[in-house]
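Spelled out, the chains give:
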Amino acid sequence: MAYLSHIKEGNAAIITINRPPANALSFELIQEIGNLLDQIEQDTEVRAILIHGEGRFFSAGADIKEFTEIDNGEEFSRLAENGQDVFEKVENFPKPIIAAIHGAALGGGLELAMSCHIRLVSENAKLGLPELQLGLIPGFAGTQRLPRLVGTAKAAEMLFTSDPLSGHDAVKWGLANQAFPEEQLLEKAKEMVQKIAAKSPIALKAAIELLQFSKTPHFYEGVRQEAKKFGFVFDSEDGKEGINAFLEKRKPNFTGK
Ligand SMILES: C/C=C/C(=O)SCCNC(=O)CCNC(=O)[C@H](O)C(C)(C)COP(=O)(O)OP(=O)(O)OC[C@H]1O[C@@H](n2cnc3c(N)ncnc32)[C@H](O)[C@@H]1OP(=O)(O)O
């Protein structure tokens, strides 16, 4: 089943995520992102990429329904490592990737968006890492990428409260580059991707490689620790309670076990 499609417009590739109802990032969809990027990397006609979501949201995060198929924390840690690897490929991709975010980019959806080089948002979009609401923590490098963008204090507030930022506030905090009324977002994002695609692919690749040096060895150690702790919290009773509460559409009752 293909949840991603792409079309070429000039020297840009426009990727659409289409997995109703919420573009939740299933294991399969995350693999598809990696595979499609491998394909696009070889396509010399494509010099810049735009990724956006079909339907109501950019992406509401990892597929919480699939979490119930996972038996133990170790498997959950592997799920995190796999997502981290694909999103690292996104951030290291030799051609610029813009995320156009409407509706919501939550959890893994925001982690995907944060691994893109540029984020354009609709003013009313919701951007957040609400995993603690599920008794979990982010697992696709969100604990490391969010503070790089918004600072540690704001990242702590967003993690601890699970409250998302509006698109407007995401720009204020440096999480997004620019905000537009939702009906203009795609058009504005397409204008930007075409502007970037007109640049030298050699210079773009060099600029991306240089931007990666802002990631210190601590970033990679933090990402490794995140995957470990992602599995650890999954094994707690609170982790099960949070996931069940979401699926049963009720508030979780966390006991600290
Ligand atoms: C390592 C990474 C970890 C993670 O990413 S963990 C996941 C983090 N994400 C979240 O916790 C977000 C969860 N979703 C929500 O908070 C809400 O949803 C929204 C704010 C996105 C939308 O709310 P509303 O407009 O009231 O719609 P609705 O009825 O809640 O959702 C529509 C349908 O979409 C499904 N859905 C939403 N998010 C997810 C998801 N992350 N995984 C799987 N399904 C999801 C729902 O269940 C429902 O489906 P149905 O109509 O069949 O009841």
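Described below are features of the structure shown in this document. (Residues numbered from 1 in each chain as written. Predicted model: local features only at pLDDT ≥ 70, side-chain atom pairs only at ≥ 80, totals over all residues. Heavy atoms only, no water.)

Glancing now at the overall build of the protein chain. Secondary structure assignment for the protein chain yields eleven helices and nine strands. Counting only C-alpha atoms and orienting by the principal axes, one finds that the protein chain spans roughly 55 × 40 × 35 Å. When burial is assessed residue by residue, the protein chain has 52% of its 257 residues classed as buried. Across the protein chain, contacts joining residues at least 24 apart in sequence account for 75% of those joining residues at least 6 apart. (Helix = DSSP H or I, 4+ residues; strand = E, 2+ residues; numbered from the N terminus. Buried < 20%, exposed > 50% of the residue type's maximum accessible area, 1.4 Å probe, protein only. Contact = heavy atoms within 4.5 Å.)

Turning to the packing of aromatic side chains, a few remarks are in order. According to the stated counting rule, one finds five aromatic pairs in the structure shown. Arranged with centres 4.0 Å apart and planes meeting at 20 degrees, the rings of Phe76 and Phe234 form a pair that is stacked. Here the residue Phe76 occupies a position in helix H3 (residues 73-92), and Phe234 occupies one in helix H10 (residues 217-234), the gap between them amounting to 158 residues. For the pair Phe87 and Phe140, a centre-to-centre distance of 5.4 Å together with 80 degrees between the ring planes defines the contact as edge-to-face. Here Phe140 lies in the loop between strand S7 (126-128) and helix H5 (142-150) and Phe87 lies in helix H3, a separation of 53 residues in the sequence. Here Phe87 matches Phe140 in class, with each residue buried. Taken together, the aromatic side chains of Phe67, Phe76, Phe230 and Phe234 make up a single cluster linked through ring pairs. In this structure, Arg19 is placed above the aromatic ring of Tyr3, and the distance from its NZ or CZ to the ring centre is 5.0 Å. In this structure, Lys240 packs its charged tip against the face of Phe234, placed 4.3 Å from the ring centre. (Phe/Tyr/Trp six-rings, centres within 6.5 Å; stacked < 30°, edge-to-face > 60°. Lys NZ or Arg CZ within 6 Å of the ring centre and 35° of its normal.)

This part takes up the pattern of salt bridges. One pass over the structure, following the stated rule, counts 15 salt bridges. The shortest N-O distance in the salt bridge between Asp38 and Lys89 comes to 2.6 Å. Placement of Asp38 in helix H1 (residues 27-42) and of Lys89 in helix H3 is noted, with a sequence separation of 51 residues between them. On the basis of relative accessible area, Lys89 is assigned to the partly exposed category, the value being 29%. A salt bridge links Glu241 to Arg250; the nearest nitrogen and oxygen atoms lie 2.7 Å apart. (Salt bridge = Lys/Arg side-chain N within 4 Å of Asp/Glu carboxyl O.)

Turning our attention to helix H8 (residues 182-197). Each α-helix turn comprises 3.6 residues. Residues three or four places apart therefore point the same way. Between its first and last C-alpha atoms H8 spans 23 Å; for 16 residues at 1.5 Å apiece the expected length is 22 Å, and the two agree. Restricting attention to buried positions, one finds in H8 the residues Leu185, Ala189, Met192, Val193, Ile196 and Ala197. One side of H8 holds all its buried residues, which, seen down the axis, span an arc of 130 degrees. Facing away from the buried side of H8 by more than 90 degrees, the exposed set consists of Glu183 and Lys195. Tucked inside the fold, the buried residues of H8 contact strand S2 (12-17), strand S3 (48-53), strand S4 (97-101), strand S6 (118-122), strand S9 (178-180) and helix H9 (201-211). (Expected span 1.5 Å × (residues − 1). Arc of directions from axis to C-beta.)

Our focus in this paragraph is the packing of H1 against H3. Where H1 meets H3, the axes come as close as 10 Å, and the angle between the chain directions of the two elements is 30 degrees. Relative to H3, the element H1 lies roughly parallel. When you trace H1 past H3, the crossing you get is left-handed. Residue-level contacts link Phe27, Ile30, Gln31, Ile33, Gly34, Leu37 and Asp38 of H1 to Leu79, Asn82, Gly83, Val86, Lys89 and Val90 of H3. Per-class residue counts for the contact of H1 with H3 are seven nonpolar, four polar and two charged. (Axes fitted to C-alpha atoms, helices over the stretch in contact; angles between N-to-C directions. Parallel < 35°, antiparallel > 145°, perpendicular 65-115°, else oblique. Left-handed = near helix turned anticlockwise from the far one by under 90°. Nonpolar A, V, L, I, M, F, W, Y, C, P; charged D, E, K, R; others polar.)

All we've got here are geometric facts, nothing functional implied.
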